[in-house]
Amino acid sequence: MVMTETVTASAEIEPIEQASRDEISALQVARLKWTLRHAYDNVAHYRRAFDAAGVHPDDVKSLDDLSRFPTTTKDDLRESYPFGMFAVPRTQVVRVHASSGTTGRPTVVGYTRADIAVWSRLMARSLRAGGGRPNDIVHIAYGYGLFTGGLGAHYGAEALGCTVVPVSGGQTERQVRLIRDFRPDIIMVTPSYMLVIAEEFRRQGLDPRACSLRTGLFGAEPWSEAMRREIEETFDMHAIDLYGLSEVIGPGVSCECVETKDGLHVWEDHFYPEIVDPATGESLPDGQRGELLFTTLTKEAFPLIRYRTRDLSRLSPGTARTMRRMDKVTGRSDDMLIIRGVNLFPSQVEELILADDRLAPQYLLEVDRRDHLDTLDVVVEVKPAHAADYDQLREPAARDLAHHVKSMVGVTVSVRVVPVGTVERSMGKARRVIDKRPRD
Ligand code: DLL
């Protein structure tokens, strides 16, 4: 292996987080060469794909050479279901995780003991960047199981030296009780479920601002800057963006720093990011928006070469850390709705909903087709504080939101303001879009 990692993370910033760009690049080149060779020698898919593209691991002299290698897609992973992409004997795989597989075969990923150690360390690094410290109490409400959120956060918090409360998702009344009784410093949960927890606080007549939470690491789904403000104000805490995907490792691919909150630092000593044009696959320079690609640099069981995430973002230079930042992912290319020719992401509607004091961030977008034209209905709840005025405000609030979506995004929508509690609550990743269009 090209690195030695221990599970125990340091309480301080690691030197590599502040290393010079030259040092980071030198480490990346060494690790990239190892990864390409490891993938080529041990995974039939990569050997075939590299040979077909006429490239070989020995060709790589600099990071730029990577762009000549073929990309990897989710379909490639599905075709190797379940263990065909593993680069080590199955007996060295100490854990598997998998995507939910709602649209076909699940994607299975594997970890060696060293991979778990790296992941724990990067999650500890993320927690520290978000303001976590050893001895903090960490309440984990990401789901445990095949989803990487719960166990990924759990091992990271333990590695940092925290006291972990492994609650998992659901049973919201109990979540609130445990937050009151155990007084955690940190919560790790999807932003949409955090809003459900806030509602439960209020239902029990409790002020969320009075609770012990100091910071939260939120991710696993797109969330807007407006949602950040909403959570920070509701709980009087920091809301930090944490990003990752199971194929690459799970949570802990990148994370914001509490001191700047200006984008997510990619942990570049383990993952090499690129941006490509989502339509053509052509490489784009830093500063331009496009689809994020990742190449793992140290993973043993499941090396991933130029994986197309479908997540849209932009790379920019480091600030609080020397490692490059990625913009908040506010949409995936698959989530983009095209309504009568205009592109729209659910998060754009979320921003506008949160800008209206009468509306709650509980919403659903229903897409349908009527008379050959796509239609978009926004279903959004009234804020509990305005529930008594619901009959008077539902029409004006609906009219105003439709007007703002038209003028800011350029799409004509119909808006239905509905009573509190109408929109289904999520315990994990929220489902924001229901597409009722007939399949062609
Ligand atoms: O969601 C891993 C994770 C768990 C990340 C907990 C952060 C916190 P998957 O289930 O494989 O893994 O889903 C990965 O979720 O490609 C993005 O589209 C989306 N996603 C994850 N984090 C963020 C984020 C986990 N901070 C997919 N902002 C990714 C926006 C995110 N989207």
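Above this note sits the structure.
Residues numbered from 1 in each chain as written. Predicted model: local features only at pLDDT ≥ 70, side-chain atom pairs only at ≥ 80, totals over all residues. Heavy atoms only, no water.

This brings us to the nonpolar core. Within the largest apolar cluster, 74 residues are counted, with the highest numbers of intra-cluster contacts made by M188, Y243, F294 and M326. The greatest single-element share of this core, amounting to eight residues, is contributed by helix 4 (residues 113-129). Apart from the residues lying within four places of it in its own chain, the contact partners of Y243 are G250, P251, G252, V253, S254, L264, L292, F294, T309, D311, M326 and V329. The next biggest cluster of nonpolar side chains, apart from the first, holds 26 residues, and it includes L344, L352, A402 and V405. (Core = buried A, V, L, I, M, F, W, Y, C linked by side-chain atoms within 4.5 Å. Buried < 20%, exposed > 50% of the residue type's maximum accessible area, 1.4 Å probe, protein only. Helix = DSSP H or I, 4+ residues; strand = E, 2+ residues; numbered from the N terminus. Contact = heavy atoms within 4.5 Å.)

On to helix 9 (residues 346-354). Burial analysis of helix 9 places seven of its nine residues in the buried class, which makes it a mostly covered element. Inspection of helix 9 places P346, S347, V349, E350, L352, I353 and L354 among the buried residues, and these make up the whole buried set. Looking at the buried positions of helix 9, the neighbouring elements they touch are helix 8 (225-235), strand 17 (342-344), strand 18 (359-370), strand 19 (373-382), helix 10 (390-409) and strand 21 (433-435).

Let us look at the environment of I16. Looking at the element boundaries, I16 is found in the segment before helix 1 (21-42). Through-space distance from the C-alpha of I16 to that of M323 is 8.8 Å; in sequence the pair is 307 residues apart. In contact with I16, other than residues within four places in its own chain, are I24, L27, R125, D269, T322 and M323.

The next point concerns the environment of A30. Looking at where A30 falls in the secondary structure, it is placed in helix 1. With relative accessibility at 42%, the residue A30 sits in the partly exposed group. Along the sequence, A30 and W223 sit 193 residues apart, while their C-alpha atoms lie 35 Å from each other.

Okay, the pairing of strand 8 (residues 250-255) next. Taken across its six residues, strand 8 has six buried, putting it largely inside the fold. Where strand 7 (residues 238-245) and strand 8 come together, four bridges link them in antiparallel fashion. By the bridge assignment, L242 is partnered in strand 8 with C255. Between strand 7 and the antiparallel strand that follows it, strand 8, lie four residues. For strand 8 and strand 9 (residues 264-266), the ladder comprises two bridges, and the chain directions are antiparallel. Within the sheet, the bridge partner assigned to S254 lies in strand 9 and is V266. (Pairing = 2+ DSSP bridges.)

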